[in-house]
Amino acid sequence: MSLTSPEAFSVEKRVAIAAVRRACLVTCTVFNQLVRDRTDTLKKEDESPVTGFRVKANQSYKVGDYAAQAVINTVLRNAFPKDPIVGEEGADALRQESNARLRERVVSLATNALQEDLIDGEKAQWGLGSQHEHSAEALLKAIDEGNDMGGPNKRMWTVDPIDGTKGFLRGGQYAVCLSLIVNSQVVLGVIGCPNIQIHPASSDEGKGCIFVAVRGQGAFQITLSGTGAIKLPHFPSEKSYVLQSEEPKHSNIPLIKRVSEELHLTEWGMDSQAKYCCLARGEGAVYLRMPAPTVGGKQPYEERIWDHAPGSILVEEAGGKITDSEGAPLRFGLGRGMGENRGFVATVDEELHGRVLSAIKRAQFTEDADKPKATPQESPLG
């Protein structure tokens, strides 16, 4: 069977949708119970806030991240026991006795989500349903399953349990992201966005969507309950937006502003891979993520494969195009990272893509010209 045949990855798609849907249940519960009153907000090492129990004032624990990854990895391990998983979290901290309260909360959240009643398309053999018991050690082991180092010539899953932490804490956009990569090519992407409106122009239909793309089979949007499939793109916008990160540390906002002004596009800041979803369904024209300027010789952030794999196939299968800022294909076979960060450019069509790449080059030239020139030091010999 070829990678693009209509039957390709049909089981993987159903498994991925089930895993992401149940992980979204976890994140919604965490937000409603732990985040809304802000009593359990902590800090990550990169200074972005994280949800969790305040076990110690100077420690960071992430209830939502841990529990959502436990759910996804449990489903994947039951369905595809031989497939490696590249994930963001590890469970070492949860095993410490001083974090018993945190561990109990993670186990409770993950167990409840996994034991929810089956819906159409889900299978009990994936570890789902009330008949399955999930011990603390089994769930911690599932979290640790995400320790694969990635690389070429293999079949592997990528997991980002909560992408867009700040958006999550604000009650804004965040995403639960899962992809399948085969021999360095993304063949399946599923992104859950609990806070995206089902219809962008109306709140009457509620919120909560899952976006699904399979190589050669198109892109679709369904509700969190698994119904209402819509082929993408479907919602053309009256405005032409440039989707970009809300977080200045993650992207070169001034350069993106120059590009937007040249192309007469309106900037729209948003957290997480929800930007890819909005682009794919027609709400934007461009998604730009350019490396933020470095300070003091610090190396630019190396993007991880889970940051872009699900979104990239979603855009492509919706008829768009994605490359780095120099027009080269994205590389998902280098390991956990994606190599030198040259930025990411996704557009709704190829003609626009070329214009954006040209505008970036001109904006970079202007940016370089505006930098202060180093003053030559006078020779001590006169």
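Enquirer: Go over the packing of aromatic side chains with me, naming the residues and quoting the values.
Expert: One pass over the structure, following the stated rule, counts five aromatic pairs. Seen from their ring centres, Tyr-241 and Trp-268 are 5.0 Å apart, and the 55° between their planes marks the pair as tilted. In this pair, Tyr-241 is assigned in strand β10 (residues 241-244) and Trp-268 in strand β11 (residues 266-269), connecting sequence segments 27 residues apart. Judged by its relative accessible area of 25%, Trp-268 is partly exposed. Ring centres of Tyr-276 and Tyr-287 lie 4.6 Å apart, and the angle between their planes is 90°; on these two criteria the pair is classed as edge-to-face. Taken together, the positions of Tyr-276 in helix α7 (residues 274-280) and Tyr-287 in strand β12 (residues 286-289) put the pair eleven residues apart, joining distant regions of the chain. For the pair shown, Tyr-276 and Tyr-287 are each scored as buried. Clustering of aromatic rings is evident, with ring pairs tying together Phe-31, Phe-168 and Tyr-174. Above the plane of the ring of Tyr-66 lies Lys-62, whose end atom (NZ or CZ) is 6.0 Å from the centre. The lysine or arginine in question, Arg-155, covers the ring of Phe-80, its NZ or CZ lying 5.2 Å from the ring centre.

Enquirer: Could you give me a rundown of the sheet that holds strand β9 (residues 230-231), with the residues and numbers involved?
Expert: The pairing of strands in a sheet comes from backbone hydrogen bonds and takes either a parallel or an antiparallel form. Ordered by their spatial adjacency, seven strands build an open sheet running β3-β4-β5-β6-β7-β8-β9, and the pairing between neighbours is mixed. With partners counted over all chains shown, the strands left at the sheet margins are β3 (85-87) and β9, one partner each. Sheet analysis places strand β8 (residues 218-223) next to β9, joined by two bridges and oriented antiparallel. Along β9, the bridge assignment pairs Phe-220 with Lys-231. On the sheet, helix α2 (residues 63-79) packs against β3, β4 (155-163) and β5 (175-182) and is oriented at approximately 155° with respect to β4. This element, helix α8 (residues 305-317), spans β3, β4, β5, β6 (185-199), β7 (202-214) and β8 of the sheet and lies at about 85° to β6.

Enquirer: For the sheet that holds β12, give the residues involved together with the corresponding values.
Expert: Sheet architecture is open: five strands sit in the order β11-β10-β12-β14-β13, paired in mixed fashion. Two strands lie at the open edges of the sheet, namely β11 and β13 (321-323), each paired on one side alone. Neighbour-to-neighbour, the strand axes of this sheet turn through a mean angle of 20°, independent of strand direction. For β10 and β12, the ladder comprises two bridges, and the chain directions are parallel. The residue bridging Leu-243 from the neighbouring strand is Tyr-287, located in β12. Each of β10, β11 and β12 is contacted by helix α6 (residues 253-262), which is oriented at about 170° to β10, the strand it contacts most.

Enquirer: Hey, could you go over helix α3 (residues 100-114) for me, with residue numbers and the actual values?
Expert: The terminal C-alpha atoms of α3 lie 21 Å apart, and with 15 residues this matches the ideal 21 Å at 1.5 Å per residue to within 8%. In terms of residue burial, α3 counts as a mostly covered element, since eleven of its 15 residues are buried. All of the buried residues along α3 are Ala-100, Leu-102, Arg-103, Arg-105, Val-106, Val-107, Leu-109, Ala-110, Thr-111, Ala-113 and Leu-114. Packed against the buried residues of α3 are α1 (10-35), α2 and α4 (136-144).

What counts and how
- Residues numbered from 1 in each chain as written.
- Predicted model: local features only at pLDDT ≥ 70, side-chain atom pairs only at ≥ 80, totals over all residues.
- Heavy atoms only, no water.
- Phe/Tyr/Trp six-rings, centres within 6.5 Å; stacked < 30°, edge-to-face > 60°.
- Helix = DSSP H or I, 4+ residues; strand = E, 2+ residues; numbered from the N terminus.
- Buried < 20%, exposed > 50% of the residue type's maximum accessible area, 1.4 Å probe, protein only.
- Lys NZ or Arg CZ within 6 Å of the ring centre and 35° of its normal.
- Pairing = 2+ DSSP bridges.
- Contact = heavy atoms within 4.5 Å.
- Axes fitted to C-alpha atoms, helices over the stretch in contact; angles between N-to-C directions.
- Expected span 1.5 Å × (residues − 1).

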